[in-house]
Amino acid sequence: MTAPTDGAGSAAGYVLTHYPKLAQTFIAGEIAAVERAGVPLRVFAMNAPEAFELARAGAGEKTARTVYLKPRIGEALGALAAVSLRHPIRMAQVWRKAVASAGGNPARTVRRLAHLAQAALVERIAAREGIDTLHAHFGLAPATIAWLATHIAHARGRTRARFGFTIHGFHDFVEPAETRLDLKARDAAHVLCISDFTRSQLCLGTDPVLWSRYHVARCGVDIAAFPYRDPPPIAGRPRIMALGRLSPEKGFAILIEAIGVMQDEGIDAEVRIVGDGPMRSVLEAQAAALGLADRIAFTGELPPEEVARHLATSDIFCMSSFSEGLPISIMEAMAVGVPVVSTWICGIPELARQGETALTVPPADAAALAAALTRSAGDEALRVRLARAGRKAVEERHDLARCGAAVARHLQRTEP
């Protein structure tokens, strides 16, 4: 854990699925920003990093400050056994809470008990290091672990222990029986939502008495890492970039279909899709079937500096998603000055405002997406106007330093 500087606040713990993780560099940025705002952090990650993550620059510092929970499952089980034997009556209530939250589903019950063991290890280390506040990213397993760790702390008499979590989007809401956001929100000191839309979805599934503890805390980008330039005139084929996990909700199949529509209309564009995921082979086959294999490149996951380089050489950024909280990738594209074409779903219009900072279209409408891409490629004045407005919006609402300071204030609060 980073040592507190003079004037720094009390340390807090971050509970994550992975750290470091290439697809979650925004979390690493937030951690750095929160610590610069005066809150030292201890990181707890469920999963050990993969070999390629360990080879990246800066990985050593990140792994050194992280407790990896699954590789220490024996120690976790020992911590759970010890605290249960020492406080049998109060821990029996924690066990019942964990099991009841599984709703009688056998597989889910096994997962809850695994999370309970990991929570016991988190609580043991947090108590040893004087950490009273835990904060989890995502409403699934990390929030479950932080929630149960806080109840274990209370069973041990650590009444100052508290937790909160950040909700992002689709995966936090798609399986309510798995996430049990209702239970976690009821017991949390704070819940941070990355967009107004995300907050509305949490309100939809929880008691109105809890809504006052839900706060919009927007994700941020390091403005200095994405220097702005006006979009240059397009010479030759428009270069379109898309970024995200290659999974169904991201809508990449619609983007590929739209490129086919443009091709049929005599508009020759090239696309770089940055990211990886379960649909990669399906999307590659779709591109080949449409005769677009030489126009659509799949790069796989790339480190942040490579993403920034690709953005700087792109003419248009496209987000064709069906479900989002508010994507970091749109913020990065706008920061650089790449005009954005996106769907008008979920939290996206909070930043990508039609005709003001971006062009937005209905989801799953390949023809509308093709028309917007064509319009953007063919209107240089529009592209410059959108790019300048987009950069200004990111500076005003998504600057990493200000966003990290806002999160730090929530971690330091002592009341819900």
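Residues numbered from 1 in each chain as written. Predicted model: local features only at pLDDT ≥ 70, side-chain atom pairs only at ≥ 80, totals over all residues. Heavy atoms only, no water.

Caption draft 1: Here's a closer look at helix α14 (residues 304–312). Those residues of α14 that sit buried are V307, A308, H310 and L311. Projected down its long axis, α14 shows its buried positions confined to an angular sector of 165°, all on one face. In this structure, the buried residues of α14 make contact with β8 (239–243), β9 (270–274), β11 (316–319) and α15 (328–336). (Buried < 20%, exposed > 50% of the residue type's maximum accessible area, 1.4 Å probe, protein only. Helix = DSSP H or I, 4+ residues; strand = E, 2+ residues; numbered from the N terminus. Arc of directions from axis to C-beta. Contact = heavy atoms within 4.5 Å.)

Caption draft 2: Main features of the confidence of the model for the chain. Averaged over every residue, the pLDDT of the chain is 94; residues scoring 70 or more account for 97%. Of the regions scoring below 50 in pLDDT, residues 1–8 engages in 13 contacts with residues more than four places distant in sequence or in other chains. (pLDDT = per-residue confidence, 0-100.)

Caption draft 3: Spatial organisation of the pairing of strand β4 (residues 133–137). Within β4, five of the five residues are buried, which leaves the element mostly enclosed by the surrounding structure. Side-chain alternation along β4 places T133, H135 and H137 on one buried face and L134 and A136 on a second face that is also buried. Bridging between strand β1 (residues 12–18) and β4 involves four bridges; their strand directions are parallel. Looking across to β4, one finds that A12 is bridged to T133. Note: β4 against strand β5 (residues 162–167), five bridges, orientation parallel. Bridging from a neighbouring strand, H137 pairs with T166 of β5. (Pairing = 2+ DSSP bridges.)

Caption draft 4: Spotlight on the environment of G355. Within the fold, G355 resides in the loop between β12 (340–343) and β13 (359–361). Beyond its immediate stretch of four places on either side in the chain, G355 contacts R385 and L386.

Caption draft 5: Spotlight on the packing of aromatic side chains. Taken as a whole and judged by the stated rule, the model has one aromatic pair. Geometrically, the ring pair formed by F163 and F165 is stacked, given 6.2 Å between the ring centres and 15° between the ring planes. Given a relative accessible area of 1%, F163 falls into the buried group. (Phe/Tyr/Trp six-rings, centres within 6.5 Å; stacked < 30°, edge-to-face > 60°.)

Caption draft 6: Representation of α15 in the model. In terms of residue burial, α15 counts as a mostly covered element, since nine of its nine residues are buried. Within α15, the full set of buried residues consists of I328, S329, I330, M331, E332, A333, M334, A335 and V336. Where the residues of α15 are buried, they touch α1 (25–36), β8, α14, β11, β12 and α17 (380–397).

Caption draft 7: Here's a closer look at the sheet that holds strand β3 (residues 66–68). Reading across the sheet, the seven strands line up as β3-β2-β1-β4-β5-β6-β7 and stay open at both edges, with parallel pairing between neighbours. In the strand order of this sheet, the two ends are held by β3 and β7 (214–216), each with one partner. For this sheet, the mean angle separating the axes of adjacent strands, direction not counted, is 25°. Here strand β2 (residues 41–47) runs beside β3; their pairing, made up of three bridges, is parallel. Looking across to β3, one finds that F44 is bridged to V67. α1 contacts β1, β2 and β4 of the sheet and is inclined by roughly 175° relative to β1. (Axes fitted to C-alpha atoms, helices over the stretch in contact; angles between N-to-C directions.)

Caption draft 8: Representation of the pairing of β11. Residues of β11 alternate between two faces, with I316 and C318 on one and F317 and M319 on the opposite face, all of them buried. Of the pairings in the sheet, the one linking β8 to β11 comprises two bridges and is parallel in character. When the sheet's bridge partners are listed, M241 is paired in β11 with F317. Across three bridges, the pairing between β11 and β12 is parallel. Bridging from a neighbouring strand, C318 pairs with V341 of β12. For the handedness criterion, the β-α-β arrangement of β11, α15 and β12 is classed as right-handed. (Right-handed = clockwise from strand over helix to strand, strands pointing away.)

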